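Now for the letters of each chain:
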Amino acid sequence: MGYPDNMFESIKMVEATRPRRAEMAREGLQKFLVPLSAEAREKVLRENHPDYQPDARKPIRVGPNRGEELTSEVVDILERPSRLPRDFKLEPVDYQTDVLVIGGGGAGCQAALWAAKEGAKVILSTKLRLGDANSMMSQGGMQASVNPGDSPLIHYLDAIGGGHFDNKPELLKIMTTEAPYIVKFLEELGVIWDKLPDGHFQTQSGGGASRRRMLSCRDYTGAEIMRVLRDEVRNHPDQITVLEFLPAVELIKDEEGKVAGAILFDMETGEFFVVQAKVVILATGGFGRIHIRGFPTTNHYGATMDGVVMAYRAGARLLHMDSVQFHPTGAIYPPQIHGFLITEKIRAMGGQPVNAKGELFVFPMEPRDVEASEYIQECKKGLGVRTPDGQYGIWLDSPLIEILNGPGTIERAFPAMLRQYRRFGIDIRELPMLVYPTLHYQNGGVEIDENCHSSVPNLLAAGEVSGGVHGRNRLMGNSVLDYNVFGRRAGIEAARIARETEIKGRLNLDHVWDFEKELEREGIEKKGYSPLLLPEYRNLEALKRHRTAFDPFAPAGL
């Protein structure tokens, strides 16, 4: 397949400027192209970032955050009724456990492991297979201050600046100070970090970071971490029961208002199952498959914001759900991988973003929201590269990596990326990649404290479903760190709560029906239900069967 002929005129211009840009990189790009000032960053964000565009946000009319402006697509999903029938019975209970973990990615696996280590009986319920999550898909690495000249304090300062100073300081302090321990724990568990010949960790820079602290496992860091976490969960069947293809659809409370379990939904049979638990940990990830502002996404198939929906109906406050991260470098060509993540590590190792004329127009390692906004602005100026389907992108000049680091670097550092592009007749050692921002991360979520408590008793949250750690923009590598640090803390805290908790009185869904009454009082029209569970571009016949059987609000004929 390769690139179409009409792109090669632009590629020739990229090749013509490459020697000079390589020379600039060797001398230090900051001499020629300095990072933007705070004022310039704010300007480019307001003029170009999708969060600031018309209709990007609107007030939510119900629930704990009533009256606050949230991302419009988030509001649309939160303001939907439950998929449960009004006459749903919570008896008999199908499962009983100390701790129910909802979600089978990195945060869920860490939480289950540490709750079990602390003596709790755990059920881990996941929508798809264990490990089918954004955690598996992360490529570039994990930040941790393991080098001389670096420290948790410097890591903290980088991250709070990158988050526009909206991070919850107490959460960020925990994440950065516990990072070195997490590196050691994961290595002892079996993670094979990239190492230098002398045995020290190999580290790279990340956008917005002032030190080289990005640890990696080639370009499949998430898959490597999940390999060991998933296996370790499976190694403890006596304490951890894994339920696959059984997503949660509602939380349950007891008479004191404590969360006391959840209702699971079998997506194949349409059956519901009741799980009674002394404490629940939400680890359901983010919202990429909602396709905010119509953007493609790097996220896995099940990333539909389910945990936020359930928590919000239960009364949990949300934080920073007006903020979305768009990764600067998502593939825009070939069309078969539209939205596919091109790791930031490509730029960290010397790959440069250049326009159709081969001009380096932005410092390559700006924070992600600024970098993405610059790409959008350059395309608005008419300096993007047009694809056959009428979209525009920016060249990411990957051949520079081997010029700067030596032949064979791409095959060693980016084997998965090299294979991915080879499938379409493109050798990224010789040709640049065409990229454009892609929907990547849910910056906000369920507000938590240092021990992962939400504002609802006995409901904890960890990982991307939570809000507060990253402020309004996450730096590269901090999501992997986040789910490991706070997944662990959630598991330890959940086991403690379980030891001290008695479920009082009858189990109930009163909060669900109260929320629906609020929807009715506001006159909000029923447009489907939530949580979504899966995006609505499934096979149409399968979607029709699903809705006919299980959707009380399905339009006639669908």
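Anything mentioned here points back to the structure above.
Basis of the calculations
Every chain's residues receive numbers from 1 upward, in the order its sequence appears when written. Since the coordinates come from a predicted model, pLDDT governs what is reported: local features require at least 70, and pairs of side-chain atoms require 80 or more to be given and counted, while whole-chain, interface and lining totals use all residues. For the side-chain quantities, the full set of heavy atoms in the structure was used; hydrogens and water were omitted. The rule for pairing is simple: two strands pair if DSSP sees at least two bridges between them. Put simply, DSSP H or I for four residues or longer makes a helix, DSSP E for two residues or longer makes a strand, and each gets a number counted from the N terminus. What a helix should span is 1.5 Å times the count of its residues minus one. Each residue is assigned a bend, namely the angle between axes fitted to the seven residues that terminate at it and the seven residues that start at it. Exposed residues in this analysis have more than 50% of their type's maximum accessible area, buried residues have under 20%, and partly exposed residues fall in between, with area computed by a 1.4 Å probe over protein chains only. For this analysis, a salt bridge means a side-chain nitrogen from Lys or Arg found within 4 Å of a carboxyl oxygen belonging to Asp or Glu. Whether two residues are in contact is decided by their heavy atoms: any pair within 4.5 Å suffices. Definition of a polar contact: a pair of N or O atoms within 3.5 Å, with one able to donate and the other able to accept a hydrogen when the atoms are protein atoms, and with sequence-neighbouring residues admitted only if both atoms are side-chain atoms. For Phe, Tyr and Trp, rings pair up if their centres lie within 6.5 Å, where Trp contributes its six-membered ring, and each pair is then called stacked (planes under 30 degrees apart), edge-to-face (over 60) or tilted (otherwise).

Undergrad: Got a minute to help me understand the sheet that holds strand β5 (residues 142-143) in this structure?
TA: Hydrogen bonds along the backbone pair up the strands of a sheet, which may run parallel or antiparallel. Strand order in this open sheet of 3 strands is β5-β7-β6, and the pairing throughout is antiparallel. What marks the edges here is a single partner per strand, and that holds for β5 and β6 (203-204). Direction of pairing for β5 relative to strand β7 (residues 214-215): antiparallel, over a ladder of 2 bridges. Each bridged residue has a counterpart across the sheet, and for Q143 the counterpart in β7 is M214.

Undergrad: For this particular structure, what's the right way to read helix α7 (residues 169-189)?
TA: In an α-helix, one turn spans 3.6 residues, which is why side chains three or four residues apart end up on the same side. Under the 1.5 Å per step criterion, the end-to-end length of α7 is 30 Å for 21 residues, consistent within 8% with the ideal 30 Å. Where α7 bends most, the angle comes to about 45°, and this point is A179, followed within four residues by the proline P180. Within α7, burial applies to L171, L172, I174, M175, T176, E178, A179, I182, V183, F185 and L186. Positive backbone phi, approximately 130°, marks G190, located one or two places after α7.

Undergrad: Could you clarify how one ought to interpret the pattern of salt bridges in this entry?
TA: Opposite charge on two side chains makes pairing possible when the charged atoms of those side chains draw close. Summed over the entire model, instances satisfying the criterion amount to 43 salt bridges. Notably, a salt bridge pairs D150 with R213, separated by 2.9 Å at the nearest N-O pair. With D150 in the loop between β5 and α6 (152-162) and R213 in the loop between β6 and β7, this pair connects stretches of sequence that are 63 residues apart. Two residues, D166 and R472, come together in a salt bridge whose shortest N-O distance is 3.0 Å. Placement of D166 in the loop between α6 and α7 and of R472 in the loop between β20 (466-467) and α15 (478-500) is noted, with a sequence separation of 306 residues between them. For R472, a relative accessible area of 29% corresponds to the partly exposed category. Connected through salt bridges with shared partners, the residues D254, E256, K258 and K504 form a single ionic network.

Undergrad: It is not clear to me how the sheet that holds strand β12 (residues 318-319) should be interpreted in this structure. Could you clarify?
TA: Pairing within the open sheet is mixed, and its 3 strands lie in the order β12-β18-β20. The open sheet terminates on both sides in strands that have one partner only, identified here as β12 and β20. In terms of strand pairing, β12 meets strand β18 (residues 445-447) through 2 bridges, oriented antiparallel. Following the sheet pairing, L319 is matched in β18 by G445.

Undergrad: Sorry, what's going on with the environment of R506 here?
TA: By the secondary structure assignment, R506 is in the loop between α15 and α16 (510-521). Once the C-alpha coordinates of R506 and E450 are considered, the two residues, 56 residues apart in sequence, prove to be 30 Å apart. In this view, R506 contacts K253, D254 and E255; residues no more than four positions away in its chain are not counted. There is a polar contact of 3.0 Å between the side chain of R506 and the side chain of D510.

Undergrad: Whenever I open this one, helix α4 (residues 106-117) confuses me. Can you help?
TA: For α4, spanning 12 residues, the distance from its first C-alpha to its last is 16 Å, which sits close to the expected 16 Å at 1.5 Å a residue. When we look at burial in α4, the residues that qualify are G106, A107, G108, C109, Q110, A111, A112, L113, W114, A115 and A116. G119, located one to two residues past α4, shows a positive phi value of around 100°.

Undergrad: How should I be thinking about the packing of aromatic side chains in this particular structure?
TA: Geometry of an aromatic ring pair is reported as the spacing of the ring centres plus the angle between the planes. Tallying each qualifying case throughout the model produces 9 aromatic pairs. Taken together, a centroid distance of 6.1 Å and an interplanar angle of 80° make the contact between Y312 and F515 edge-to-face. Separated by 203 residues along the polypeptide, Y312 in helix α9 (residues 306-313) and F515 in helix α16 bring together distant segments of the chain. You can call Y312 buried: its relative accessible area is 1%. Using a relative accessible area of 4% as the deciding quantity, one classes F515 as buried. Through a chain of ring-to-ring contacts, the aromatic side chains of Y3, Y333 and W395 assemble into a single cluster.

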